[in-house]
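Chain by chain, the residues run as shown.
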Amino acid sequence: MFRGALVVVLLLTAGCTSPPVAEPLTSTPSTTTTSTTTAPTTTAVPTTAPSSRTRATAPPAGNPTGGAPVPPEAAAVDTSRPTRVIGNGTPASCTSQAVVTAVAGGGIITFDCGPDPVTVTMTSTAQVRNDASPEVVLDGGGLVTLSGAGQRRVLYQNTCDALLGITTSHCQDQDHPRLTIQNITLADGNSAGAAEGGGAVFVRGGRVKVVNSAFLRNRCDQNGPDLGGAGMRVLSQSANEPVFVVGSTFDGGTCANGGAVSSIGVSWVVLNSLLRNNSAVGRGANPARPGTPGGGSGGAIYADGNTFTVRIAGSVVEDNKANEGGGAVFFVSNDRTGTMAVESSTLRRNPSAGFETPGYKGIFFLGAADPTVIASTIG
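Residues numbered from 1 in each chain as written. Predicted model: local features only at pLDDT ≥ 70, side-chain atom pairs only at ≥ 80, totals over all residues. Heavy atoms only, no water.

Q: Would you explain the overall build of the chain in this entry?
A: Counting its secondary structure elements, the chain contains one helix and 32 strands. Expressed as a percentage of its 379 residues, the buried residues of the chain come to 59%. Residue pairs in contact within the chain that sit at least 24 positions apart in sequence constitute 83% of those at least 6 positions apart. Working note: accessible area of the chain is about 13400 Å², and carbon and sulfur atoms make up 54% of it. (Helix = DSSP H or I, 4+ residues; strand = E, 2+ residues; numbered from the N terminus. Buried < 20%, exposed > 50% of the residue type's maximum accessible area, 1.4 Å probe, protein only. Contact = heavy atoms within 4.5 Å. Areas by Shrake-Rupley, 256 points an atom, 1.4 Å probe, with all protein chains shown as cover.)

This is the structure in structure tokens:
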């Protein structure tokens, strides 16, 4: 722990725990540096049952000039043989209830809402059941927006939630469900009042990845020392495998911490993506300074815990801001084992109103060694 820092322990519900959380009360600003890191590789996901529908082009998300290689396990899933199809060819047939039912059933899910873009306003949150299918793929074909209407989360997965079926004796570390969110837009989600955050998506346990998708104008509670993730809040990924974010955009998210994404003890690999205009709007850092509600760190990315990694490659992180630390990225590895790499990326105009690490503009970092920076601009 760095001098003057305190440790706060986040106790998660349903008998599972996450690592202790630390954040400084002060630090200083800065600019650029040097070196390397790699991403894992493995598989793509199985498919089922036939469909004659031609899939539309994926949404114009991510950084189109990003050239970071995408490992097989981070690629989009083949959805040409879906398990379930939402809709019968008309916009009216694509309803919130149809989405909720399909997600609960699991498998490979596509949409048939007609040839034009459609927005489905969610009247309740779609929840992944732990005892349905081990694979859940939600593919909007580049035409579908699921909207929380500023009132609710869009998607929820929690392997430790008994209401969704407990399937192992170690809910905090199991390899399923494996959720893939691809070729879809999740907009105007809001998890205000939920203890953990996750404005559009909350995931605890199993696995999750995001491919060719957009997260727009999502929100979570505006104050709190450690809740976060206007776009996504992720906890307890199986075997400490990373969350992949590929060719995707997070824009206009606001939360106490992590205006785009937030996690505890979870690794991230962000490839060929765009994170912009996101804000960490809390006040008082973590632990909260006396007389403040806490929060305000990680304008785009808030990553806390013990051993984890963050890798940003082929991506643009710009115009994010934090009321406290890390206008672009807040990274605290409590046991100083975590590592961070920035490769072939641009991080710019990410002001930290409170503190950041000297030499790394817009980043607050505590880990095993200085962040590795290769062929990137940080300023």
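Let us keep going from here.
Q: What am I meant to see in the state of the cysteines here?
A: Two cysteines joined by a covalent bond between their sulfur atoms form a disulfide. This model, assessed by the stated rule, comprises three disulfides. Bridging Cys160 to Cys171, the disulfide has an S-S length of 2.1 Å. Disulfide Cys160 to Cys171: torsion about the S-S bond roughly 95 degrees, handedness right-handed. Residue Cys160 is located in the loop between strand 9 (155–158) and strand 10 (178–182), and its partner Cys171 is located in the loop between strand 9 and strand 10; the two are separated by 11 residues in the primary sequence. Sulfur-sulfur distance for the disulfide between Cys220 and Cys255 comes to 1.8 Å. For the disulfide bridge between Cys220 and Cys255, the dihedral angle about the S-S bond is near -120 degrees, and by the sign convention the bridge is left-handed. Placement of Cys220 in the loop between strand 14 (214–216) and strand 15 (232–235) and of Cys255 in strand 18 (residues 254–255) is noted, with a sequence separation of 35 residues between them. (Disulfide = S-S within 2.5 Å.)

Q: What am I meant to see in the sheet that holds strand 3 (residues 84–86) here?
A: In any sheet, the strands associate via hydrogen bonds between backbone groups, in a parallel or an antiparallel arrangement. On the basis of which strands lie adjacent, the open sheet formed by 10 strands has the order 3-4-7-10-13-16-20-24-28-31 and parallel pairing. Two strands lie at the open edges of the sheet, namely strand 3 and strand 31 (372–374), each paired on one side alone. Strand after strand, the sheet turns through a mean of 10 degrees between neighbouring axes, direction not considered. Both strand 28 (residues 339–343) and strand 31 contribute to a ladder of three bridges, which runs parallel. Each residue of the ladder has a partner; that of Glu343, found in strand 31, is Ile374. The sheet contacts of helix 1 (residues 96–105) involve strand 3, strand 4 (107–111) and strand 7 (135–139), and relative to strand 3 the element is tilted by about 165 degrees. (Pairing = 2+ DSSP bridges. Axes fitted to C-alpha atoms, helices over the stretch in contact; angles between N-to-C directions.)

Q: Looking at this structure, I do not really get the packing of aromatic side chains. What am I missing?
A: Aromatic rings considered in pairs are described by the distance between their centres and by the relative angle of their planes. All chains considered together, the criterion is met by seven aromatic pairs. Ring geometry for Tyr156 versus Phe202: centroids 5.6 Å apart, planes at 20 degrees, classification stacked. Taken as a pair, Tyr156 in strand 9 and Phe202 in strand 12 (residues 201–204) lie far apart in primary sequence, 46 residues in all. Here Tyr156 matches Phe202 in class, with each residue buried. Considering the side-chain rings of Phe308 and Phe331, the 4.5 Å spacing of their centres and the 35 degrees angle between planes classify their relative orientation as tilted. (Phe/Tyr/Trp six-rings, centres within 6.5 Å; stacked < 30°, edge-to-face > 60°.)

Q: Hey, could you run me through the sheet that holds strand 22 (residues 279–280) in this one?
A: Spatially, the three strands line up as an open sheet ordered 18-22-26, and their pairing is parallel. The open sheet terminates on both sides in strands that have one partner only, identified here as strand 18 and strand 26 (321–322). Judged from the two bridges that link them, strand 22 and strand 26 form a sheet pairing that is parallel. The partner of Ser279 across the bridge, within strand 26, is Lys321.

Q: Can you help me understand the pairing of strand 30 (residues 363–366) in this one?
A: Residues in a regular strand project their side chains so that they alternate between the two faces of the sheet. Both faces of strand 30 are covered, namely the face carrying Ile363 and Phe365 and the face carrying Phe364 and Leu366. With four bridges connecting them, strand 27 (residues 329–333) and strand 30 associate as parallel partners. Note on strand 30: the bridge partner recorded for Phe330 is Phe364.

Q: Just to check I follow, could you spell out the pattern of salt bridges for this structure?
A: Side chains carrying opposite charge are able to pair once their charged atoms draw close together. A full pass over the atoms with the stated rule returns 12 salt bridges. Linking Arg276 and Asp251 is a salt bridge whose minimum nitrogen-to-oxygen distance equals 2.8 Å. Separated by 25 residues along the polypeptide, Arg276 in strand 21 (residues 274–276) and Asp251 in strand 17 (residues 249–251) bring together distant segments of the chain. On the accessibility criterion, Asp251 (16% relative accessible area) is buried. A cluster of three or more residues bridged by salt bridges with shared partners is formed by Glu318, Asp319, Arg348 and Arg349. (Salt bridge = Lys/Arg side-chain N within 4 Å of Asp/Glu carboxyl O.)

Q: What's the story with the nonpolar core in this structure? I'm lost.
A: Generally speaking, nonpolar side chains in soluble globular proteins are found buried as a group. Judged by nonpolar contacts, the single largest core of 59 residues is most densely connected at Phe111, Leu146, Leu186, Met232 and Trp268. Of the residues forming this core, the biggest block, four residues, is contributed by helix 1. In contact with Leu186, not counting residues within four places along its chain, are Leu146, Val154, Leu155, Ile181, Ala200, Val201, Ala214, Phe215, Leu216 and Asn218. The next biggest cluster of nonpolar side chains, apart from the first, holds eight residues, and it includes Ala68, Phe244, Val269 and Ala313. (Core = buried A, V, L, I, M, F, W, Y, C linked by side-chain atoms within 4.5 Å.)

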